[in-house]
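Here's the letter readout for the chains.
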Amino acid sequence: MLEFINVNPNSGDPIYKQLHEQIVRLIVGGQLATGDELPSVRKIADHLAVNPMTVSRAIGQLVDQGWLERRRGQATRVAQKTTQKTDQQETLLFKAIDQLIQQAQQLDVPQSTLSELIKKRWEL
Amino acid sequence: MTQPLLSYKNVCKSYQQRQILNNVNLDIEPGMVVGLLGKNGAGKTTLLRNALGLLTPEQGSVHVFGEKSNELSAHNKTRIGYVAQQTFGYEGFKIADALALHRSFYPDWDEVLENKWLTRFELNPTTAINDLSIGQRQTLALIMAMAYRPKLLILDEPVASLDPIARREFMGDLFDLALDSDSGILFSSHITSDIERVASHIALIKDGELLIMDELDLIRDTVRKVSFADSRVDLSAYKVLNKQPNSAIIYGYTGQDIAGSIAINALSLEQLFVELHG
């Protein structure tokens, strides 16, 4: 799974949040299936050249939120699917949508035109 | 509570009538990797040199392992690693001879680690120090400061001349030191993307004053730039780091509405740095 994640230290989001979001995306998108093992914190940290505490924070949150499960002495795994996860599919888009709306407003593009544009591009 | 490895208390220092450090309070605990961020001339190097007892504060105190930094015992001196901005010394030595001399000062020196690093960074022991590039000298200085796994590691602009691959590998070594040996690391840098990757904590220094010292993630999560049309906007619930006629940088934001604000934006470390000096 390491090849699917990357972090950008110059982005507006802290690194632990970028990791959190990307792992959620991998689970929701099905690249990571229930029961799949995650590499160790140290391995992920080495691969991304980031502080292991940062990785640990992201993983810890994902465990608390039920995305991952950790059993004593075993690797961290992707947890059973719950209904909460499918809701997440939509919420994952909020940030990108908010940015799009903000740009449309700055350019004075009305909501109806924006919806039409999305429809048009979707069907490309 | 554990004793901090390094502790600054109300430290003031001036040089030729100019105040360089103004009432700095800062504790470095085991496991912390603290990125010291500030402009040229903000007082970073002075702060670091005070920890080594190379400078003595006019007011306040600096303690390392519980001892005053300018009265450190010989034993405690062997538990500190330091890489200065400008190295070097050992001119006229070969790498192997310089390392042999350096090693003799440190009882806990790990030769296996030394050899691993020499191989990894492609340093040939028979090369003369004078023939090394700046980046190679910096690498050797890092090996000399880290091969005895110091409990406290102080680095003044450590990676500026290293190539990106060497920098990445060096970062991994820093984490090993902080987490496996429970050491504390204080390093200064202008490279905000490096700090963002490496640091667990950030200490931001401006004009000799420590503006913030906290967990990096906490700073990133709660620092915001607030824009407004009317400068009478009420920001008393937050720590205001910088205020301009139409915007302010606040710390401690947790998602509330701010009456009278036009926009509330998160900042990357680099943006924060630039905004604070605007």
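Above this note sits the structure.
Source: prediction; values computed, not measured. Residue positions within a chain follow its written sequence, with the count starting from 1. Key to labels: chains lettered from A, ligands numbered from 1, both in the order written. Whole-chain, interface and lining totals are the exception, using all residues; otherwise, since this is a predicted model, local features are given only for residues with pLDDT of at least 70 and side-chain atom pairs are given and counted only at 80 or more. The side-chain quantities take in all heavy atoms of the structure and omit both hydrogens and water.

J.: Break down the overall build of chain A for me, with residues and values.
T.: Along the backbone of chain A there are 5 helices and 2 strands. Helices and strands appear in chain A in the N-to-C order α-α-α-β-β-α-α. Its C-alpha atoms give chain A a radius of gyration of 17 Å, clearly above 14 Å, the size a compact globule of 124 residues would have. Considered along the principal axes of its C-alpha atoms, chain A spans approximately 55 × 35 × 25 Å. Taking all 124 residues of chain A together, the buried fraction comes to 34%. Throughout, a residue-residue contact means that at least one pair of heavy atoms, one from each residue, lies within 4.5 Å. In chain A, once contacts between residues fewer than 6 apart in sequence are set aside, the share between residues at least 24 apart is 52%. Each accessible area is a Shrake-Rupley estimate made with a 1.4 Å probe; only the visible protein chains count as cover when residues are assessed. Carbon together with sulfur atoms contributes 50% to the accessible area of chain A, which is approximately 8100 Å² in total. Segments assigned H or I by DSSP are reported as helices when at least four residues long, segments assigned E as strands when at least two residues long, and all are numbered from the N terminus. To get the radius of gyration, use the C-alpha atoms; to get the globule rule, take the number of residues to the power 0.38 and multiply by 2.2 Å. Burial classes: relative accessible area under 20% of the type maximum marks a residue as buried, over 50% as exposed, and values in between as partly exposed (1.4 Å probe, protein chains only).

J.: Tell me what's going on with the overall build of chain B, and back it up with residues and numbers.
T.: A tally of regular secondary structure across chain B gives 9 helices and 14 strands. For 278 residues, the compact-globule formula gives about 19 Å, and the C-alpha radius of gyration of chain B, at 21 Å, lands near that figure. Principal-axis analysis of the C-alpha atoms gives chain B an extent of 65 × 40 × 40 Å. A total of 278 residues make up chain B; the buried ones form 52% of that total.

J.: Could you give me a rundown of the packing of aromatic side chains, with the residues and numbers involved?
T.: Between 30 and 60 degrees the pair is tilted, below 30 it is stacked and above 60 it is edge-to-face, where a pair is any two Phe, Tyr or Trp rings, Trp via its six-membered ring, whose centres lie within 6.5 Å. With the rule as written, the count across this model stands at 5 aromatic pairs over all chains. Taking 3.8 Å as the distance between ring centres and 10° as the angle between the ring planes, the aromatic pair formed by Y106 of chain B and Y148 of chain B counts as stacked. Highlighted residues: Y106 of chain B in the loop between α3 (95-103) and α4 (111-120) and Y148 of chain B in the loop between α5 (134-146) and β7 (152-156), separated in sequence by 42 residues. Taken as a pair, Y106 of chain B and Y148 of chain B share a single burial class, namely buried. Here the aromatic rings of Y238 of chain B and Y253 of chain B are separated by 6.0 Å at their centres, their planes lie at 45°, and the arrangement is tilted. Here Y238 of chain B is found in the loop between β11 (223-228) and β12 (239-243), whereas its partner Y253 of chain B is found in the loop between β13 (247-251) and β14 (261-266), with 15 residues between them in sequence. Both residues of the pair, Y238 of chain B and Y253 of chain B, belong to the buried class. Among the aromatic residues, those joined into a cluster by ring pairs are Y106, W109 and Y148 of chain B. One Lys or Arg, R57 of chain A, reaches over the ring of Y16 of chain A and ends 5.6 Å from the middle of that ring. Comment: the charge-over-ring label is applied if NZ (Lys) or CZ (Arg) is within 6 Å of the ring centre and within 35 degrees of the ring normal. A cation sits over an aromatic face here: R79 of chain B above F65 of chain B, 4.2 Å from the ring centre.

J.: Any details on the environment of E157 of chain B? Residues and values, ideally.
T.: All names here are of chain B. Tracing the backbone shows E157 in the loop between β7 and α6 (164-180). Judged by its relative accessible area of 10%, E157 falls in the buried class. Considering only alpha carbons, one finds E157 and A266, 109 residues apart in sequence, at a separation of 27 Å. The residues contacting E157, other than those within four sequence positions of it, are K44, Q85, Q138, S188, S189 and H190.

J.: Describe α5 of chain B, with residues and values.
T.: Residue and element names in this part refer to chain B. Taking 1.5 Å per residue as the helical rise, α5 with its 13 residues ought to reach 18 Å, and the 18 Å between its terminal C-alpha atoms agrees with that figure. The buried fraction of α5 amounts to 11 of the 13 residues, a majority that puts the element mostly inside the structure. On its buried side, α5 packs onto β6 (80-83), α3, α4, β7 and α6. Expected span of a helix, by definition, is 1.5 Å for each gap between consecutive residues, and there is one gap fewer than residues.

J.: Account for the pairing of strand β2 (residues 18-28) of chain B, with residues named and values stated.
T.: All names here are of chain B. Pairing between two strands is assigned when DSSP locates at least 2 bridges connecting them. Bridge analysis of strand β1 (residues 6-15) against β2 gives 7 bridges, and the strand direction is antiparallel. Bridge pairing in β2 places Y8 opposite L26. Where β1 folds back on β2, the antiparallel hairpin that results is connected by 2 residues, among which Q16 adopts a positive phi of roughly 45°.

J.: An account of the sheet that holds β11 of chain B is needed here, citing residue identities and associated values.
T.: Sheet strands pair by backbone hydrogen bonding; their relative direction is either parallel or antiparallel. Residues and elements named next belong to chain B. Taken together, the 4 strands give an open sheet; going across it, the order is β12-β13-β11-β14, and neighbouring strands pair in antiparallel fashion. Edge positions in the sheet fall to β12 and β14, since each has one partner strand and no second. Strand-to-strand twist across the sheet, computed as the mean angle between neighbouring axes with direction ignored, equals 25°. Pairing between β11 and β13: 5 bridges, direction antiparallel. Residue pairing for β13: S227 is matched across the bridge by S247. Axis definition: a line fitted to C-alpha atoms, limited for helices to the stretch in contact. Angles are taken between N-to-C directions and run from 0 to 180 degrees.

J.: Any details on the packing of α3 of chain B against α4 of chain B? Residues and values, ideally.
T.: Residue and element names in this part refer to chain B. In the contact formed by α3 and α4, the axes pass within 13 Å of each other and the chain directions differ by 150°. As the angle between them shows, α3 and α4 are arranged roughly antiparallel. Of the two elements, α3 crosses α4, and the hand of that crossing is right-handed. Of the residues in α4, those touching α3 at I95, L99 and R103 are E111, E114 and L118. Any angle that falls under 35 degrees is termed roughly parallel, while one over 145 is termed roughly antiparallel, one within 65 to 115 roughly perpendicular, and all others oblique. Here is the rule for handedness: rotate from the far helix to the near one, and if that takes an anticlockwise turn smaller than a right angle the crossing is left-handed, while a clockwise turn gives right-handed.

J.: Hey, could you go over the side chain of R197 of chain B for me, with residue numbers and the actual values?
T.: For R197 of chain B, the position within the fold is in helix α7 (residues 192-198). No salt bridge is formed by the buried R197 of chain B, whose closest oppositely charged neighbour, D194 of chain B, lies at an N-O distance of 5.3 Å. Those residues within four positions of R197 of chain B in sequence are excluded, and the remaining contacts are V7, P9, I15, L48, A49, V50 and N51 of chain A together with R168, M171 and F175 of chain B. For the purpose of charge, His is not counted, nor are the chain termini; Lys and Arg are scored as positive and Asp and Glu as negative. Any Lys or Arg side-chain nitrogen located within 4 Å of an Asp or Glu carboxyl oxygen qualifies as a salt bridge.

J.: Tell me about the sheet that holds strand β5 (residues 67-68) of chain B, residues and numbers included.
T.: Residues and elements named next belong to chain B. The 4 strands are arranged β2-β1-β4-β5 in an open sheet whose pairing can be described as antiparallel. The outermost strands of the open sheet, each flanked by one partner alone, are β2 and β5. Sheet analysis places strand β4 (residues 59-64) next to β5, joined by 2 bridges and oriented antiparallel. Bridge pairing links H63 to K68 in β5.

Taken by themselves, the reported measurements are silent on function.
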